[in-house]
Amino acid sequence: MIIMITRARVSGCFGSSVVAGAVLVLSAMTGAALAGASAGLLGAAVEPSLRALLAVAAVTVSVAGAAFKPVPWQLDRETDTRWLGYNDWRTAAYNGFALGLGFTTRIGFWLWYVVPLAAFATADPLLAAAGYVVFALTRVGLSALLTSMDVYVSGGIARARMITDPLAVAALCALYPVLAPLL
Amino acid sequence: MPTLLTSPRTRPALALLPAVLGLLAGHFLGLQPWALLVVAALVVGIAQQTLP
């Protein structure tokens, strides 16, 4: 995160790391809002029974995955390192957008799957976009905040999974009673 | 505990309790998808600070 912000610092207003950080967070919010609205729109576009059927199938696959695999299905990569070479606003904007989308980089936790599945189940583009924006603000905004305070969280992923994995299974299963009446 | 959580033998058994609790919570508390979305978004966003 610090690299993304510092590399975005060039001339003019981008001499400010605050502006670069703001671009990063706003881009993340934009990417997240688009992803959330798409999921919500997709849910609204199909009949409630088909939506429930698709969601139940996806939830079941995700629960099975979480029950057997500690590492989620993911694109195990970071954002494109070539973006760091731009040394202008694009470094922050591209990285923010990719991190806001979520699925184009490492997600790390099964709990992430609740976000698109619940967004789809809401069948409301605005609510889904708002939920995704909460994710972007927490994911990228918190990173930027911690970076600005020179606080770095390294490791701890195994300990974090001890909390997030049971929560992921519980949250995914909590969707069943919502979806079942629609079938 | 991390070993227990990553073992293919114990992991499914450990997932049973949260699965049942989730089902019960969804049924009796009437949890809505948007509420699950927001809570999951908050928690996973915080947890992702530990990503390498």
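Thresholds, definitions, all that
Residues numbered from 1 in each chain as written. Chains lettered and ligands numbered in written order. Predicted model: local features only at pLDDT ≥ 70, side-chain atom pairs only at ≥ 80, totals over all residues. Helix = DSSP H or I, 4+ residues; strand = E, 2+ residues; numbered from the N terminus. Rg over C-alpha atoms; globule rule 2.2 N^0.38 Å. Buried ≥ 20, exposed ≤ 12 C-beta atoms within 10 Å, placed from the backbone. Contact = placed C-beta atoms within 7 Å. Expected span 1.5 Å × (residues − 1). Arc of directions from axis to C-beta.

**Concerning the overall build of chain B**
A tally of helices and strands in chain B yields 3 helices and 0 strands. Each helix (α) and strand (β) of chain B, taken in turn from the N terminus, gives the series α-α-α. Against the 2.2 N^0.38 benchmark of 10 Å for 52 residues, chain B shows a C-alpha radius of gyration of 14 Å, more extended than a compact globule. For chain B, the residues scored as buried account for 33% of the 52 residues in total.

**A few points about the overall build of chain A**
Within chain A, the secondary structure is distributed over 7 helices and 0 strands. Each helix (α) and strand (β) of chain A, taken in turn from the N terminus, gives the series α-α-α-α-α-α-α. Relative to the globule expectation of 16 Å for 183 residues, the C-alpha radius of gyration of chain A, 18 Å, shows essentially globular dimensions. Along the first, second and third principal axes, the C-alpha set of chain A runs to 55 × 35 × 25 Å. Here chain A holds 183 residues, and the buried ones make up 49% of them. Of the contacts made within chain A by residues no fewer than 6 positions apart, 82% connect residues no fewer than 24 positions apart.

**Brief notes about helix H3 (residues 33-47) of chain B**
Note on helix geometry: an α-helix contains 3.6 residues per turn, so any two residues three or four positions apart are oriented the same way. In a regular helix each residue adds 1.5 Å, so 15 residues correspond to 21 Å; H3 of chain B covers 21 Å between its end C-alpha atoms and thus fits that length. Buried residues of H3 of chain B: Pro33, Leu36, Leu37, Val38, Ala40, Ala41, Val43, Val44, Gly45 and Ala47 of chain B, and no others. Elements that come into contact with the buried residues of H3 of chain B comprise helix H5 (114-122), helix H6 (125-148) and helix H7 (157-179) of chain A.

**Thoughts on the interface of chain B and chain A**
Facing the 35 residues of chain B at the interface are 48 residues of chain A. Of all the elements in the fold, those that place two or more residues in the side of chain B that touches chain A are helix H1 (2-6), helix H2 (10-28) and H3 of chain B. Considering each element in turn, the side of chain B that touches chain A owes the most residues, 13 residues, to H3 of chain B.

**Structural notes on helix H3 (residues 48-68) of chain A**
Taking 1.5 Å of rise per residue, 21 residues should cover 30 Å, and H3 of chain A covers 30 Å from first to last C-alpha, within 8% of that figure. When H3 of chain A is considered as a whole, its buried residues turn out to be Arg51, Ala52, Ala55, Val59, Ser62, Val63, Ala66 and Ala67 of chain A. With its buried residues spanning 130 degrees around the axis, H3 of chain A presents them on a single face. Relative to its buried face, H3 of chain A has exposed residues pointing more than 90 degrees away, namely Ser49, Ala57 and Phe68 of chain A. Elements that come into contact with the buried residues of H3 of chain A comprise helix H2 (17-45), H5 and H7 of chain A together with H2 of chain B.

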